[in-house]
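Descriptive structure summary
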Amino acid sequence: MESVLLLLLAIPYIILRYMLSDHETAVDKDRLRFAEGISLVQARQFDEALAYFTLVAQQFSKSAIVHVYKGRCNLGLGNHFSAIYDFTVSQQLDNTIPEAYLFKGQAHYHVREFHQAFLELDKAVWHTRSQNADALRWRALSRLTLGQSEQSKQDLEKAFALGDENAAFHLNTLFSIKPVRSRNDRGEK
């Protein structure tokens, strides 16, 4: 009898606890907190955004998002080694942010460290469950430099299927094939 009573009290407690708890992660909260700087990055105003995130990084040095966007600014400005450093710091603070792997892979690609680029881009693809066309396209390009042309072609086809027109360009120029849209993309049944 007492166990039934405890069970009846435990169920509402668990439901209330779940409903009243905060479901946002630290990354989600940081994206909201630093929305001003993120909008500068999205507007490709990298100089202003870098100044913003450099200042913010002094106050919030344990924020992985700050380091991701600071690295994104450095990448946009061509400071590839600084970008790699920022993305590494971000990954040490939180290794679940796909953008850190994607942009770090791009930075490695730009400094011609193709194997390291492939490893980072492979992680980006894994974290996004193969649903990020940019990650697939960049991984394809790094694979191509490593001599993995068949896997590169497959990645480009997946990226194109996700709607990436840049992947279509690379398929056409690198493999001399025209990508074929699926029947659903052409409006057929």
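So, a few notes on the structure that sits alongside this text. Quick caveat: nothing in here was measured; it's all calculated off a predicted structure.

Re the pattern of salt bridges
Scanning the entire structure with this criterion turns up nine salt bridges. The partner of Lys70 in a salt bridge is Asp86, with the nearest N and O atoms 3.6 Å apart. Here the residue Lys70 occupies a position in helix α5 (residues 64–76), and Asp86 occupies one in helix α6 (residues 80–93), the gap between them amounting to 16 residues. Residue Asp86 is classed as buried on the basis of its relative accessible area, which comes to 2%. A salt bridge links Arg137 to Asp134; the nearest nitrogen and oxygen atoms lie 2.4 Å apart. You can see Arg137 and its partner Asp134 sitting in helix α9 (residues 133–145), three residues apart, about one turn around the helix. Here the salt bridges share partners, and the residues they tie into one network are Asp122, Arg139, Arg143 and Asp155.

A short note on helix α7 (residues 98–110)
Compared with the 18 Å implied by 1.5 Å per residue over 13 residues, the 19 Å span of α7 between its first and last C-alpha is a close match. Taken across its 13 residues, α7 has 10 buried, putting it largely inside the fold. Among the residues of α7, Ala100, Tyr101, Leu102, Phe103, Lys104, Gly105, Gln106, Ala107, His108 and Tyr109 are the ones counted as buried. Buried residues along α7 sit against α5, α6, α8 (114–127) and α9. Looking one or two residues beyond α7, the residue adopting positive phi is Arg112, at roughly 65°.

Description of the packing of aromatic side chains
Following the criterion strictly, the structure yields six aromatic pairs and no others. Arranged with centres 5.3 Å apart and planes meeting at 70°, the rings of Phe34 and Phe60 form a pair that is edge-to-face. In this pair, Phe34 sits in the loop between α2 (26–33) and α3 (35–42) while Phe60 sits in the loop between α4 (46–59) and α5, placing the two residues 26 residues apart along the sequence. One aromatic cluster in this structure is built from Tyr52, Phe53 and Tyr69. Over the ring of Phe103 we find Arg72; its NZ or CZ atom is 4.9 Å from the centre of that ring.

Considering a nonpolar patch on the surface
A grouping of Leu7, Ile11, Ile15, Leu16, Tyr18, Met19 and Leu20 is seen on the molecular surface, where their side chains present a nonpolar patch of about 810 Å² in accessible area. Along the chain, the position of Ile15 falls in helix α1 (residues 2–20). On the basis of relative accessible area, Ile15 is assigned to the partly exposed category, the value being 45%.

Considerations on the side chain of Arg143
With respect to the helices and strands, Arg143 occurs in helix α9. The class of Arg143 is buried, set by a relative accessible area of 13%. Contacts of Arg143, omitting those with residues within four sequence positions, involve Phe118, Gln148, Gln151, Ser152 and Asp155.

Digging into the environment of Leu20
Checked against the element boundaries, Leu20 lands in helix α1. For Leu20, a relative accessible area of 71% corresponds to the exposed category. A C-alpha to C-alpha distance of 20 Å links Leu20 and Leu32, two positions 12 residues apart in sequence.

Digging into the nonpolar core
Leu102, Tyr109 and Trp138 are the most contacted members of the largest nonpolar core, which totals 26 residues. Counting residues per element, this core draws most heavily on α9, at six residues. Each residue touching Tyr109, except ones within four places of it in the same chain, is listed here: Phe114, Ala117, Trp138, Leu141, Ser142 and Thr145. Membership of the second largest hydrophobic core comes to 20 residues, among which are Val27, Phe34, Tyr52 and Tyr69.

Focus on the packing of α8 against α9
Contact geometry for α8 and α9: axes closest at 9 Å, N-to-C directions at 150°. On the basis of their axis angle, the class for α8 and α9 is roughly antiparallel. As for the relative orientation of α8 and α9, their crossing is left-handed in sense. Here Phe114, Ala117, Phe118, Leu121, Asp122, Ala124 and Val125 of α8 lie close against α9, whose contacting residues are Ala135, Leu136, Trp138, Arg139, Ser142, Arg143 and Thr145.

About the cut-offs
- Residues numbered from 1 in each chain as written.
- Predicted model: local features only at pLDDT ≥ 70, side-chain atom pairs only at ≥ 80, totals over all residues.
- Heavy atoms only, no water.
- Salt bridge = Lys/Arg side-chain N within 4 Å of Asp/Glu carboxyl O.
- Helix = DSSP H or I, 4+ residues; strand = E, 2+ residues; numbered from the N terminus.
- Buried < 20%, exposed > 50% of the residue type's maximum accessible area, 1.4 Å probe, protein only.
- Expected span 1.5 Å × (residues − 1).
- Contact = heavy atoms within 4.5 Å.
- Phe/Tyr/Trp six-rings, centres within 6.5 Å; stacked < 30°, edge-to-face > 60°.
- Lys NZ or Arg CZ within 6 Å of the ring centre and 35° of its normal.
- Patch = residues over 30% accessible without salt bridge, like charges linked within 9 Å, V, L, I, M, F, W, Y side chains within 5 Å.
- Areas by Shrake-Rupley, 256 points an atom, 1.4 Å probe, with all protein chains shown as cover.
- Core = buried A, V, L, I, M, F, W, Y, C linked by side-chain atoms within 4.5 Å.
- Axes fitted to C-alpha atoms, helices over the stretch in contact; angles between N-to-C directions.
- Parallel < 35°, antiparallel > 145°, perpendicular 65-115°, else oblique.
- Left-handed = near helix turned anticlockwise from the far one by under 90°.

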